[in-house]
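# Coordinates in review
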Amino acid sequence: MAENNGEEKLLAVARHIAKTLGHNTNMADDILQIFSNFDGRFSKENLADKVADGDPRACAALDHSLKSLDRRISQFVSSDRPIWADSADAVAFLDAVDELVAAVAEWSQLSTDKAFGACLARAEDMLQHAMFRLEDEFRSLMERAGESFDLTPPYRNGVESVENIPFDSEEEENELETAVNDGAEEDQIPVALPVTDYDIVIDALPAGTINDLHEIARRMVAGGFGKECSHVYSSCRREFLEESLSRLGLQKLSIEEVHKMPWQDLEDEIERWIKASNVSLKILFPSERRLCDRVFFGFSAAADLSFMEVCRGSTIQLLNFADAVAIGSRSPERLFRILDVFETLRDLIPEFEALFSDQYSVSLRNEAITIWKRLGEAIRGIFMELENLIRRDPAKVGVPGGGLHPITRYVMNYLRAACRSRQTLEQVFEDYGHPLKDYPKLDDRVAPNSSLSVQMDWIMELLESNLEAKSKIYNDPALCYVFLMNNGRYIVQKAKDSELGTLLGDDWIRKHTAKVRQYHVQYQRSSWNKVLGILKLDGSSNGSLGPNGAAKSMKEKLKMFNTQFEHLCRVQSSWFVFDEQLREEIRIALEKILLPAYGSFIGRFHTELGKNADKYVKYGVEDIEVKLNDLFQGSSGSTGSRK
């Protein structure tokens, strides 16, 4: 009874003070709140016990407390001016929100009581309005900070101003100043200059703003509005990233649009994609990750969700383009640009794994790895298409003069260029190449060291088979061997002293060099052995003919030689040997077998005919040598290009 009298006296004192100060009901509530804090019997912890005991005064005290919080919060929620325009207002509002959040959390256990449940519903409604206002303030802070940062300021002298960007050091500022460029025309898409050092972090928002955002985010997460806060944050930052990619020159293209692009345009787009990917994964995304971690410090789930929502659209844009390239045409000429895309994505996989490893964004990392592998499959498919191109190249009309065939030049230059990316191709064929059993047995050569070696060897086999089929077009066996000599020599030269030759191996080089020499021997036999046979002298048979018979036989032989020699020189002077050294080797070899035989024959002829011999001799030894030097000069149509 004494306790009740004490409480009544305390309430009476509070009302008396309020009456004395001006009959202000709100002030009375404040004073009651003061006394409640002072007297443990009116604390929230004590209220729980009193509500459980059915004490009506507990609900009255709670009602007084809610009215006080409502008045403090409502003045900010209903205000038309930004709360964060005044730091004192911001602090007062956050304090009130803290009390409301704490009250709702503590009073939720009493929600089963009907009277108390009504008070709690009022508190939750009040909290919702406070959260909505915090959300608006959060958005407003980000938008104002974004405007002050201004990603797209006016351009000066063709270089974007970066003076508003908050850098960690002067070196970073100098680095980014050189990394941005814009065209002179207004409609031209600005393109970033090459960046060689990606160790740059962009603080896209001022430190003070980041702190304010963190304070708001902390209250929204505590109030159960963490996802809403993440959505607001991500919608603002997503625009920043999309604008960044746009300023790097990257277009938003569908897979169909990529596939319909003219190849030259696609090459340019790939170049822009490479730059945008490196800048995004090494500068923009890490900067966004750091910003998320600072704004949502202490709330890793909210930070992860926000980062995923910020970067997801830009990441998908980058990956979709790479995927479109991977599933597009596998024409052999596209290999080198697809290799660029493959290597870029491969080199960025560590960044994907570091940035996108949480529950919300791990799918982006997995998608990047999947598309990277798909690009590897595309590269393997391009080599299969090259094989088909060689197989399908028709053997219809021979190259004039037995010169280089276009397919030889194309394949060898293609493979030399491709093997400059040997390390990448080794990786592709180790991961995606067929096992050795999928290839026809090549021969008993030394087993290759890698799947790429097998691939190169197999393509060379196809090329050689194709060339052998084409050589059969020529009716003249000698010209057939000249054709094989030319193309075989070119193949060996292109393979030697290159990564291609390293893959094929020294034994392969030696074997094919020997093949060219064999073609040379067969050419010589098929065209010049008959001429040499005419000059052959048989002493025993000539003696049986007598002086007149021997002279007559030699005159006929000389006449036949002249006819055959002139025919061969006339025909073979139109043939073509592209390699000067090879051409000289053929001439020297002919001189070694032909000049001694002809000189011996002419000497014997003079012996048989005496001074009458001169009128039958059309060519001296020197004349034969001059005629041989005119061989294989070819014509403009048969020379082709040695490159």
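Residues numbered from 1 in each chain as written. Predicted model: local features only at pLDDT ≥ 70, side-chain atom pairs only at ≥ 80, totals over all residues. Heavy atoms only, no water.

Attention now moves to the side chain of serine 471. With respect to the element layout, serine 471 can be found in helix α17 (residues 451-471). On the basis of relative accessibility, which here comes to 2%, the residue serine 471 falls in the buried class. (Helix = DSSP H or I, 4+ residues; strand = E, 2+ residues; numbered from the N terminus. Buried < 20%, exposed > 50% of the residue type's maximum accessible area, 1.4 Å probe, protein only.)

Turning to its location among the elements, methionine 456 is positioned in helix α17. When the C-alpha positions of methionine 456 and leucine 504 are compared, they lie 6.9 Å apart, and in sequence the two are 48 residues distant. When residues no more than four places from it in sequence are discounted, the contact partners of methionine 456 are Phe383, Leu415, Cys419, Leu500, Leu503 and Leu504. (Contact = heavy atoms within 4.5 Å.)

The interhelical angle for the contact between α17 and helix α20 (residues 506-534), taken along N-to-C directions, is 10°, at an axis separation of 13 Å. Classified by the angle between their axes, α17 and α20 sit roughly parallel to one another. Listed contacts from α20 to Asp457, Met460, Glu464 and Glu468 of α17 are Trp508, His512, Lys515 and Tyr519. (Axes fitted to C-alpha atoms, helices over the stretch in contact; angles between N-to-C directions. Parallel < 35°, antiparallel > 145°, perpendicular 65-115°, else oblique.)

This part covers the confidence of the model for the chain. Here the chain shows a mean pLDDT of 79. Residues at 70 or above account for 74%. In this model residues 9-29 is a low-confidence stretch, pLDDT under 50, and it forms 17 contacts with partners more than four residues away in sequence or in other chains. In the model, residues 34-44 has pLDDT below 50 throughout and makes 17 contacts with residues more than four positions away in sequence or in other chains. (pLDDT = per-residue confidence, 0-100.)

This next bit is on the pattern of salt bridges. In this structure the tally under the stated criterion is 29 salt bridges. Salt-bridge contacts for glutamate 215 lead to arginine 218; the nearest nitrogen and oxygen are separated by 3.0 Å. Taken together, the residues span about one helical turn, with glutamate 215 and arginine 218 both in helix α8 (residues 207-222) at a distance of three residues. Residue glutamate 585 is joined to arginine 489 by a salt bridge in which the shortest nitrogen-to-oxygen separation is 3.5 Å. One end of the pair, glutamate 585, is in helix α22 (residues 580-609); the other, arginine 489, is in helix α18 (residues 477-495), and 96 residues separate them in sequence. According to the relative accessible area criterion, glutamate 585 is partly exposed, its value standing at 32%. In this structure arginine 489 comes out as buried when scored by relative accessible area, which is 13%. (Salt bridge = Lys/Arg side-chain N within 4 Å of Asp/Glu carboxyl O.)

For the rest of this paragraph, the subject is the nonpolar core. Soluble globular proteins tend to bury their nonpolar side chains together. Ranked by internal contacts, the top residues of the largest apolar core, which has 168 residues, are Phe138, Leu375, Phe383, Leu415, Tyr523, Trp528 and Leu594. At 13 residues, the largest contribution of residues to this core is made by helix α11 (residues 263-295). Leave out the neighbours within four places in its chain, and phenylalanine 383 touches Leu335, Leu415, Ala418, Leu425, Phe429, Gln455, Met456 and Ile459. (Core = buried A, V, L, I, M, F, W, Y, C linked by side-chain atoms within 4.5 Å.)

All chains considered together, the criterion is met by six cavities of 30 Å³ or more. Taken as a whole, the second largest cavity spans an internal volume of roughly 120 Å³. In this structure, the second largest cavity is lined by Glu464, Leu467, Glu468, Leu484, Asn487, Gly488, Ile491, Val492, His512, Lys515, Val516 and Tyr519. For the lining of the second largest cavity, the elements supplying multiple residues, two or more each, are α17, α18 and α20. Grouping the amino acids of the lining of the second largest cavity by side-chain chemistry returns six nonpolar, three polar and three charged. (1 Å grid on protein atoms, 1.4 Å probe; cavity = no way out; pocket = protein on both sides within 12 Å on 5 of 7 lines; lining within 4 Å. Points joined across faces, edges and corners; volume = space filled by probe spheres on them. Nonpolar A, V, L, I, M, F, W, Y, C, P; charged D, E, K, R; others polar.)

In the structure shown here, the tally under the stated rule is 21 aromatic pairs. With 5.3 Å between their ring centres and 80° between their planes, phenylalanine 383 and phenylalanine 429 make a pair best called edge-to-face. In this pair, phenylalanine 383 sits in helix α14 (residues 362-392) while phenylalanine 429 sits in helix α16 (residues 422-432), placing the two residues 46 residues apart along the sequence. A relative accessible area of 0% means that phenylalanine 383 is categorised as buried. The exposure class assigned to phenylalanine 429 is buried, which follows from its relative accessible area of 0%. Taken together, a centroid distance of 5.4 Å and an interplanar angle of 10° make the contact between phenylalanine 561 and phenylalanine 565 stacked. In this pair, phenylalanine 561 and phenylalanine 565 are both assigned in helix α21 (residues 539-572), four residues apart and thus about one turn of the helix distant. (Phe/Tyr/Trp six-rings, centres within 6.5 Å; stacked < 30°, edge-to-face > 60°.)

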